[in-house]
Amino acid sequence: MFAVIIVILIIWASMWAFYKFMYPRPPKSMMPKEGDVTTPRQCDFCGNSLAEYRGVLETKPSLATTSDGNTESAQELFFCNYEHQADFHAGRTYKPYA
């Protein structure tokens, strides 16, 4: 009986160590800070959903108003990263799995 308990404890400790090694906590710099907007937005280039504080938000005051008259939403472009922002302004189209 004692051997069974020891084996279970050894297996539990090794699995705990394995998961700690394989799935570490993300760094504090990647976590949202006070005042960050955590609502999901869609990238204007690829369409993927991402929290607003993780992406690139670009405001363009020269953009026209939308059909419902909302100028504020028409003035903001959101991208996953700077590469998507550059590709969007270069006129490229998104090709998944390419």
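Thresholds, definitions, all that
Residues numbered from 1 in each chain as written. Predicted model: local features only at pLDDT ≥ 70, side-chain atom pairs only at ≥ 80, totals over all residues. Heavy atoms only, no water. Disulfide = S-S within 2.5 Å. Buried < 20%, exposed > 50% of the residue type's maximum accessible area, 1.4 Å probe, protein only. Salt bridge = Lys/Arg side-chain N within 4 Å of Asp/Glu carboxyl O. Helix = DSSP H or I, 4+ residues; strand = E, 2+ residues; numbered from the N terminus. Contact = heavy atoms within 4.5 Å. Polar contact = N/O pair within 3.5 Å; in protein donor to acceptor, adjacent residues only side chain to side chain. Patch = residues over 30% accessible without salt bridge, like charges linked within 9 Å, V, L, I, M, F, W, Y side chains within 5 Å. Areas by Shrake-Rupley, 256 points an atom, 1.4 Å probe, with all protein chains shown as cover. pLDDT = per-residue confidence, 0-100.

Moving on to the state of the cysteines. With the rule as written, the count across this model stands at 0 disulfides. We note that Cys43 lacks a disulfide partner, and the nearest cysteine sulfur, in Cys46, lies 3.7 Å from it. Residue Cys43 is classed as buried on the basis of its relative accessible area of 5%. Between Cys80, a free cysteine, and Cys46, which holds the nearest cysteine sulfur, the sulfur-to-sulfur gap is 3.6 Å.

A complete count under the given rule lists 3 salt bridges for this structure. A salt bridge links Glu76 to Arg41; the nearest nitrogen and oxygen atoms lie 3.3 Å apart. With Glu76 in strand β4 (residues 76-79) and Arg41 in strand β1 (residues 40-42), this residue pair connects regions lying 35 residues apart in the sequence. In this structure, the salt-bridge partner of Arg92 is Asp87, at a minimum N-O distance of 2.6 Å. Taken together, the shared-partner salt bridges in this structure form one network comprising Arg41, Glu52 and Glu76.

Glancing now at the environment of Pro32. Tracing the chain through its elements places Pro32 in the loop between α1 (2-22) and β1. Excluding its chain neighbours within four sequence positions, the residues that come into contact with Pro32 are Thr38 and Tyr53.

At 3.3 Å, the side chain of Arg41 and the side chain of Glu52 are in polar contact. In contact with Arg41, other than residues within four places in its own chain, are Asn48, Ser49, Leu50, Glu52, Leu57, Glu76 and Phe78.

Now for a nonpolar patch on the surface. Taken together, the side chains of Val7, Ile11, Met15, Phe18, Tyr19, Phe21, Met22 and Tyr23 make up a nonpolar region of the molecular surface, amounting to roughly 880 Å² of accessible area. Among the residues examined, Phe21 registers a relative accessible area of 68% and is labelled exposed.

A residue-level look at the chain finds 85% of positions with pLDDT of 70 or above and a mean pLDDT of 85. The element-level mean pLDDT for the chain is lowest in helix α2 (residues 71-74), coming to 54, with α1 highest at 96.

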